[in-house]
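What follows is each chain in one-letter form.
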Amino acid sequence: MSLDEFTVKPHDAMAAYLAADMDAVNVLIRTRMASEHAPRIPEVTAHLVEAGGKRLRPMLTLAAAHLCGYSGPYHVHLAATVEFIHTATLLHDDVVDESSQRRGRPTANLLWDNKSSVLVGDYLFSRSFQLMVETGSLRVLDILANASATIAEGEVLQLSASQDLATSEAIYLQVVRGKTAALFSAATEVGGVIADADEAHVKALFDYGDALGVAFQIVDDLLDMQGDPNATGKNVGDDFRERKLTLPLIKAIAKANTDERAFWERTIEKGRQNEGDLATAIALLHKHGALEETRLEALAWANKAVAAIDQLPAHPVRDMLRDLASYVVARIN
């Protein structure tokens, strides 16, 4: 499918369907990010939380709970938990990446400092665990605690893998499953668990979130090398300039001849980049079909997400989740 086929964006349709629950989530987030003794905490948190993000991850939790017929209050707690974990990781990531902009605004570490970003991120992780405990579900706590550890593990793995030409597609997938897909799959899985859904449905929700998260990240990596900056909000080649080995680059490097490998060693491993290197990199990606191969992988993961969600009972939310998987990859069709 292409973007033109979506008269309403699936995440907008979900936001409208889940509006009352999302309002409750936002109230809970504002309440729990408050601090009586450290006013910088709500200042830093509000800067990121209220920056206009889609709130996709908490919506996935609410959608999964609705899909499984849940009528209690704790899906709101879990959605807020997921958003706090996501926000904490963004605060930490911007420090690690020395970023100066996110969602078109200056990053918290630029407006305040690295120490504030790290410590407020730690505070949000703590708040997220308080919210988890309030559900009274040890299984929910286990899922989200494991996801938090997996996210951190993926980020650390990326530190060593991102500028190493020996990084394989398997290692790339491990990084993506950690830093991106782990929270997607936890978000959908806990929605089913809190609803006491059938185990087969909980597994399908996990599989959906995992595949959606992988597709989401692969599309991001692909658009970095061929996207429209006006649509993506990113400059073409940011990952290349930051020496990040994403899937298109890994595929091209695997097929590189001696001269091409020397180019990748200079630009990625040694970080010596000259004017015109980005154009050369993009030309090599086209030469070896790396962009098209990456596009097909993204489509395959989106299809896995669709196959997983199709195992759930008929429901308006199921259709929205199905459309969401198709929409994620429609940007590259």
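Description of the structure in this document. Please read these numbers as outputs of a predicted model, since none were measured by experiment. (Residues numbered from 1 in each chain as written. Predicted model: local features only at pLDDT ≥ 70, side-chain atom pairs only at ≥ 80, totals over all residues. Heavy atoms only, no water.)

1. Digging into the packing of helix α16 (residues 290-309) against helix α17 (residues 316-330)
Definition in use: Angular values range over 0 to 180 degrees, each being the angle between N-to-C directions of two axes fitted as lines to C-alpha atoms, with helices fitted over their stretch in contact. Starting at the N terminus, helices and strands are each numbered in turn, a helix being any DSSP run of H or I of at least four residues and a strand any DSSP run of E of at least two. The labels follow the angle: roughly parallel below 35 degrees, roughly antiparallel above 145, roughly perpendicular from 65 to 115, and oblique for the rest. Any two residues whose heavy atoms approach within 4.5 Å are treated as being in contact. Polar here means any residue outside two lists: the nonpolar Ala, Val, Leu, Ile, Met, Phe, Trp, Tyr, Cys and Pro, and the charged Asp, Glu, Lys and Arg; Gly therefore counts as polar.
Where α16 contacts α17, the two axes come as close as 9 Å, and the packing angle between them is 175°. By the criterion of interaxial angle, the relationship of α16 to α17 is roughly antiparallel. For the pair α16 and α17, contact is made by A298, L299, A302, A305, V306 and I309 and by R318, L321, R322, A325, S326 and V329, respectively. Counted by class, the contact of α16 with α17 contains nine nonpolar, one polar and two charged residues.

2. Focus: the pattern of salt bridges
Note the cut-off: We count a salt bridge whenever a side-chain nitrogen from Lys or Arg sits within 4 Å of a carboxyl oxygen from Asp or Glu.
The tally for this structure, following the rule as stated, stands at 17 salt bridges. A salt bridge links E265 to R261; the shortest N-O distance between them is 3.8 Å. Taken together, the positions of E265 and R261, both in helix α14 (residues 258-269) and four residues apart, correspond to about one turn of that helix. Salt bridges linked by common partners bring E169, K251, K255, E293 and E297 together as one network.

3. Details of the packing of aromatic side chains
How two aromatic rings sit relative to each other is set out by the distance from centre to centre and by the angle between their planes. Put simply, the rule reads: In this analysis, rings of Phe, Tyr and Trp, with Trp reduced to its six-membered ring, are considered paired at centre separations within 6.5 Å, and the interplanar angle assigns stacked below 30 degrees, edge-to-face beyond 60, and tilted for intermediate values. Only when the NZ of Lys or the CZ of Arg is both within 6 Å of the ring centre and within 35 degrees of the ring normal is a charge said to sit over the ring.
What the rule picks out here adds up to four aromatic pairs. On the numbers, 5.3 Å between centres and 45° between planes, the contact of F184 with F216 is tilted. Taken together, the residues F184 in helix α9 (residues 169-194) and F216 in helix α10 (residues 199-226) connect sequence positions 32 residues apart. We note R57 situated over the ring of F216; from NZ or CZ to the ring centre the distance is 5.9 Å. One residue, K304, lies across the ring of W301, its end atom 3.8 Å from the ring centre.

4. Here's the deal with the packing of α9 against α10
Stated precisely, the cut-off is as follows: In this scheme the crossing of two helices becomes right-handed for a clockwise turn of the near helix relative to the far one and left-handed for an anticlockwise turn of less than a right angle.
At their nearest, the axes of α9 and α10 sit 7 Å apart, and the two run at 140° to each other. Every pair of crossing elements has a handedness; the one defined by α9 and α10 is right-handed. Partitioning the contact of α9 with α10 into residue classes produces 14 nonpolar, seven polar and five charged.

5. Re the environment of Y123
Defined as follows: Working definition: with a 1.4 Å probe on protein chains only, accessible area under 20% of the residue-type maximum means buried, over 50% means exposed, and in between means partly exposed.
Tracing the backbone through its elements, the reader meets Y123 in helix α7 (residues 114-134). Overall, Y123 belongs to the buried group, its relative accessible area being 18%. Taking the C-alpha atoms as reference points, Y123 and T45, 78 residues apart in sequence, are found 9.8 Å from one another. Aside from chain neighbours lying at most four places away, what touches Y123 is R32, M33, A34, S35 and I41.

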